[in-house]
Amino acid sequence: ASEIWIQVHIVNTKVSVWGWLIAVAMGISTAFAAAYAAIRATFAAPTIEALRPAGLVSESPGSIAIPLSTAAVFISGVWLVKLVPSGRGFASTVATVISTQALGYIAVAIAAAPIVWIVGHIASQHVARYLPLPGAMAAENLPRQPGRSGGTVATIAATMAMAVTVAILVKSHDEMSLGWIERHFGADLFVGRGQRVRLMASAPMDAEIGETSKQVQGVEAVEIFRTIPIHLGPQPAFLQGLSVTQRLRHGGLPMVEGSLEAAAKKLIEGSGVLVSDNLAFKLGLHAGDRIAIPTPEGSRIFEIVGTYSDYLGSLDLGAVMVGQEHLSSIWGDKSANLRRVWLERDAKHAEA
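Computed from a predicted structure; not experimentally measured.

Draft legend 1. Quick look at the confidence of the model for the protein chain. The pLDDT averaged across the protein chain works out to 83; a share of 88% of its residues lies at or above 70. Predicted confidence for residues 54-59 stays below pLDDT 50, and this span has 12 contacts to residues more than four positions away or in other chains.

Quick look at the structure:
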């Protein structure tokens, strides 16, 4: 955060006494409220009636059709998230995702009691006779009070659904970010301009530095990375140069739409570009669309041949990536912010 956006000073963490007290009070009050509700529901019916099979009215098969149908409607509503148009904005997109997930939770809550009745009915009719007494009593009790057991099932199911949702989100971000790190920082040596290593692209270097690096014994290849601030209409962004051949040989890019292999031909020809996923989201663009990019000779139309993830070179603005040779021929820029140096397989780092 300090390197990219704003300087953050790390200080010793401080524990707030009031924070601890509030947290403890919230935990205890929530536990007592839940326990009170559970105890009140448990003791609402006389114990002798709860133990007597004929004492309580069993749910009938006809009474479960409406809840199951309603739950099916809510579950089908979850798929409405696929209809969200691109470019709606972060807040509205997140709100839509959360709302459709809530439909799934409601569906589970509605369907839990009928499902318990169905399972309990099957268990009491076909399984209870083979179980010991506690199991047989449990099997007989399930279809008589499916609402109570259904509440427990719905709570567990909703909790598991939330846990799975968070796990998928974390894993998705983990895979994408680690994949980007492996590709972006996978070289044997990085050459930049300045007194220290910078995560962001440093000041540009002349092309002669790259040619000198290639002549060093043990160096297999030198890959150029260049980023230039531009504007796509009112939208600030970055123009990046990509050494397509070298990137294909050394890990490719973390692609969101399409593949670098499929996009390579048009990138090398100069008719296609890649767009970072955050810029594509802001502008509502996808692979196959066209985009106008400013050049020294005026605006020029390119085909978007894929979208990729970029966590560093374009900040949170987004970027358009072209072949490095076209950054030189069209925009007249032969410099580099960063050079990735790849050594030969048997080369020694110290000697190189």
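After that view of the structure, there is still more to cover.
Draft legend 2. Examining the packing of aromatic side chains more closely. According to the stated counting rule, one finds four aromatic pairs in the structure shown. Taken together, a centroid distance of 5.7 Å and an interplanar angle of 90° make the contact between W180 and F185 edge-to-face. We classify W180 as buried; its relative accessible area is 8%. Its relative accessible area of 35% is what places F185 among the partly exposed residues. Both rings, one in F302 and one in W331, keep their centres 6.3 Å apart while their planes meet at 20°; by these two values the pair is stacked. With F302 in strand 7 (residues 298-308) and W331 in the loop between helix 11 (324-329) and strand 9 (338-343), this residue pair connects regions lying 29 residues apart in the sequence. Assigned by exposure class, F302 and W331 land together as buried. Here a set of aromatic residues connected by ring pairs shows up, and it is made of W180, F185, F190 and Y311.

Draft legend 3. Summary view of the pattern of salt bridges. In the structure shown here, the tally under the stated rule is six salt bridges. Among the salt bridges present, the one from R249 reaches E220, with a minimum N-O distance of 2.4 Å. One end of the pair, R249, is in helix 8 (residues 244-249); the other, E220, is in strand 2 (residues 219-232), and 29 residues separate them in sequence. Look at R249 and you get partly exposed, because its relative accessible area is 49%. What makes E220 partly exposed here is its relative accessible area of 36%. The partner of E303 in a salt bridge is K266, and the shortest N-O contact between them spans 2.8 Å. Placement of the pair is E303 in strand 7 and K266 in helix 9 (residues 260-269), with a sequence separation of 37 residues. In the salt-bridge network here, residues are joined through shared partners; they are E223, R247 and R340.

Scoring rules and cut-offs
Residues numbered from 1 in each chain as written. Predicted model: local features only at pLDDT ≥ 70, side-chain atom pairs only at ≥ 80, totals over all residues. Heavy atoms only, no water. pLDDT = per-residue confidence, 0-100. Contact = heavy atoms within 4.5 Å. Phe/Tyr/Trp six-rings, centres within 6.5 Å; stacked < 30°, edge-to-face > 60°. Buried < 20%, exposed > 50% of the residue type's maximum accessible area, 1.4 Å probe, protein only. Helix = DSSP H or I, 4+ residues; strand = E, 2+ residues; numbered from the N terminus. Salt bridge = Lys/Arg side-chain N within 4 Å of Asp/Glu carboxyl O.

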